[in-house]
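Chains, contacts and geometry: an overview
This is what each chain is made of:
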Amino acid sequence: MSDLGELLRKARDQRGLTLDDIQETTKIRKRYLEAIESGDHTVLPGPFYVRAFVKNYSEAVGLDPDEVLRLYQHEVPAAPVEQIAEPMVVRSPRRVKSQSSERLGKIGFNVMMWSFLILIVVVIWVYVINKDSDGPKQVDNSTDITDASESPVKNEDGVAGGSTNAPTNEPVAPTPTEAPTTVVFGSKVGKADQYDIGPAGKPHKVEVKVTGGRSWLEVRTESNKGEKLYSKNAEDGTTESFDLNGVIYINVGRADLIEIKVDGVLVPDGDRATSKKVLLQPLSGGSETPEGTITPSNETNQSQ
């Protein structure tokens, strides 16, 4: 067995996957997968398929395909150089204009010009007619001033008072608004990107959605060794929700097929066909500076 095949087999065993699972995920025949693990590349159709199959196999077991191809480039044949053929210039034959086509072209041009002139005349005529019809509006002076005014409101003693619509001087309390959720990159913790979730003291909901295909999804508390909340190959259309009561560790096999949101706010994961590890850390009461800048918590970084 080659070093590359041993690496892929160990990664598959760690995830509890069989060759049948890999075949279903990557759509690669099982005998080709066995050939990759054994290092017998003569079974595969060609050098191009060797690189493509190794890349898909690596993504299915959560490995970085580019890094795997770089480390084991001595086992994987180089990609063939594509030959760029010079484009062939095809000269279109000159079109011979007949006298009849020229005559029709002149008639069409004259019709278009006359239509344009008639349209301009019609627009000017409509504008002048509408301008003359809009005369100055006269003010109706037949209504008495006393009719439009409000009658005074009398109080209990019969004395006329002010209008009932008079504004009061009582202050109106502003309606409190809830602070929006913020997702800010804090630091790099091992191979995981840590994001600080604010504001502090607000309950947050994490939603993970799989779209476009099947992908490995692992969710744990605190770190990659914490309590397992979810761990398996998620099918297309799967949506899982988690309460962000503490630090949550998320590991995905295909970042381009996974969408992570906190209270509807998207968490950036690179959106590439590679694995991605993310730490979501809710801010505590002391994690915000007086200026409002969100800073990462040192306690979580040390625990990871």
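This text follows the structure it describes.
Presented here is an overview of the structure given in this document. What you are looking at is a predicted structure, and each value in this text was computed from that prediction instead of being measured. (Residues numbered from 1 in each chain as written. Predicted model: local features only at pLDDT ≥ 70, side-chain atom pairs only at ≥ 80, totals over all residues. Heavy atoms only, no water.)

Considering the packing of aromatic side chains
To be explicit about the condition: Only Phe, Tyr and Trp rings take part, Trp by its six-membered ring, and two of them pair if their centres are within 6.5 Å. Stacked means planes under 30 degrees apart, edge-to-face means over 60, and tilted covers everything else. Secondary structure elements follow DSSP: runs of H or I of four or more residues count as helices, runs of E of two or more count as strands, with numbering from the N terminus. For every residue, the accessible area (1.4 Å probe, protein chains only) is compared with the maximum for its type, and the residue is labelled buried under 20%, exposed over 50%, or partly exposed between those bounds.
Scanning all chains against the criterion turns up three aromatic pairs. With a centroid separation of 5.8 Å and 55 degrees between ring planes, the pair formed by Tyr49 and Phe53 is classed as tilted. With Tyr49 and Phe53 both in helix 4 (residues 47-60) and four residues apart, this pair spans about one turn of that helix. Note on Tyr49: relative accessible area 39%, which makes it partly exposed. Considering the side-chain rings of Phe185 and Tyr195, the 5.6 Å spacing of their centres and the 75 degrees angle between planes classify their relative orientation as edge-to-face. One end of the pair, Phe185, is in strand 3 (residues 182-189); the other, Tyr195, is in strand 4 (residues 192-198), and ten residues separate them in sequence. Take Phe185: its relative accessible area is 44%, and that puts it in the partly exposed class. According to the relative accessible area criterion, Tyr195 is buried, its value standing at 7%. Aromatic ring contacts, followed pair by pair, group Tyr32, Tyr49 and Phe53 into a single cluster.

Considerations on the sheet that holds strand 12 (residues 276-282)
Rules: In this analysis, strands are considered paired if DSSP registers two or more bridges between them. Every axis in this analysis is a line fitted to C-alpha atoms, fitted for helices over the stretch in contact. Angles between the N-to-C directions lie between 0 and 180 degrees.
Read across the sheet, six strands follow the order 3-4-12-9-6-7 without closing on themselves; strand pairing throughout is mixed. Both outer strands of the open sheet, strand 3 and strand 7 (228-234), are each paired with one neighbouring strand and no more. Mean inter-strand twist for the sheet, computed between neighbouring axes without regard to direction, equals 20 degrees. As paired elements, strand 4 and strand 12 share five bridges and run parallel to each other. Within strand 12, the residue paired with Asp196 across the bridge is Gln281.

Take it as geometry only, folks, not as evidence of what the structure does.
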